[in-house]
Amino acid sequence: AQSVTQPDIHITVSEGASLELRCNYSYGATPYLFWYVQSPGQGLQLLLKYFSGDTLVQGIKGFEAEFKRSQSSFNLRKPSVHWSDAAEYFCAVGNAGNNRKLIWGLGTSLAVNP
Amino acid sequence: GAGVSQSPSNKVTEKGKDVELRCDPISGHTALYWYRQSLGQGLEFLIYFQGNSAPDKSGLPSDRFSAERTGESVSTLTIQRTQQEDSAVYLCAGATGTLGTDTQYFGPGTRLTVL
């Protein structure tokens, strides 16, 4: 069965520091992988997604993620965090079949210190 | 409108009462999802609509939960005889098509509190 694990429940970084949020998935075939961000008072917004091709994908707001099949990972990175990046980040996995449901991780809450 | 809207934004109800939550997706989004997000939890899939196809109701937690969608527009999620464990944020999302790669566009959610 598909599953998504985000090992870090909460992360705190200083503004300007680099960031990496971890996501591990379990899926038998090539997964479709997504990162969404949920900012306070706002709806979930897609940051980036991977379904084929280049394993390093660029997203909005300066985020990127790298698909590593050997490690079953799709970690989210940003070289320099801004205070406005404080939010909840969710990794999700989908598939190419008829099942349109995404399986979601429990999220990582990011706090940014000034 | 420019985005997905949901109403009400907050709903407080008493145990045993019925509630109806509304989602108005972006025009042209044929796919519509309902999710539940409980405190400290990820998103729990509830139901999926795609065009005129039969909805995927596999995520509905009990027969107290039901949802309808009028064509490719508004959807309502109804919870009958609410229980305290139904307290959560209910999110709706739309997508343009049927592909697993399609981006889902989320509404701001309805926070339901069952006393």
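Below is a summary of the structure that appears in this document.

Describing the pattern of salt bridges
Then, in step 1: What the rule picks out here adds up to seven salt bridges over all chains.
Then, in step 2: The partner of Asp85(A) in a salt bridge is Lys78(A), with the nearest N and O atoms 2.8 Å apart.
Then, in step 3: Residue classification places Asp85(A) among the buried positions, given a relative accessible area of 5%.
Then, in step 4: We classify Lys78(A) as buried; its relative accessible area is 10%.
Then, in step 5: With a closest N to O distance of 3.0 Å, Glu44(B) and Arg36(B) form a salt bridge.
Then, in step 6: By relative accessible area, Glu44(B) is classed as partly exposed at 30%.
Then, in step 7: Classification of Arg36(B) as buried rests on a relative accessible area of 10%.

Thoughts on the state of the cysteines
Residues and elements named next belong to chain A.
Then, in step 1: The final tally for this structure, using the stated rule, is two disulfides over all chains.
Then, in step 2: Between the sulfur atoms of Cys23 and its disulfide mate Cys91 the distance is 1.9 Å. Between Cys23 and Cys91, the S-S torsion sits near -65°, and that sign places the bridge as left-handed. One end of the pair, Cys23, is in the loop between β3 (19-21) and β4 (24-26); the other, Cys91, is in strand β10 (residues 87-94), and 68 residues separate them in sequence. With respect to burial, Cys23 and Cys91 carry one shared label: buried.

Overview of the layout of surface pockets
Then, in step 1: Its volume calculated, the largest pocket comes out at about 650 Å³.
Then, in step 2: Lining the largest pocket are 27 residues; nearest its centre among them are Gln38(A), Gln37(B), Leu39(B), Val89(B) and Arg111(B).
Then, in step 3: By residue number, the principal contributor to the lining of the largest pocket is strand β10 (residues 110-114) of chain B, which donates three residues.
Then, in step 4: The residue inventory of the lining of the largest pocket, partitioned by class, reads nine nonpolar, 16 polar and two charged.
Then, in step 5: Estimates place the volume of the second largest pocket at around 170 Å³.

Reading guide: rules and limits
- Residues numbered from 1 in each chain as written.
- Chains lettered and ligands numbered in written order.
- Predicted model: local features only at pLDDT ≥ 70, side-chain atom pairs only at ≥ 80, totals over all residues.
- Heavy atoms only, no water.
- Salt bridge = Lys/Arg side-chain N within 4 Å of Asp/Glu carboxyl O.
- Buried < 20%, exposed > 50% of the residue type's maximum accessible area, 1.4 Å probe, protein only.
- Disulfide = S-S within 2.5 Å.
- Helix = DSSP H or I, 4+ residues; strand = E, 2+ residues; numbered from the N terminus.
- 1 Å grid on protein atoms, 1.4 Å probe; cavity = no way out; pocket = protein on both sides within 12 Å on 5 of 7 lines; lining within 4 Å.
- Points joined across faces, edges and corners; volume = space filled by probe spheres on them.
- Nonpolar A, V, L, I, M, F, W, Y, C, P; charged D, E, K, R; others polar.

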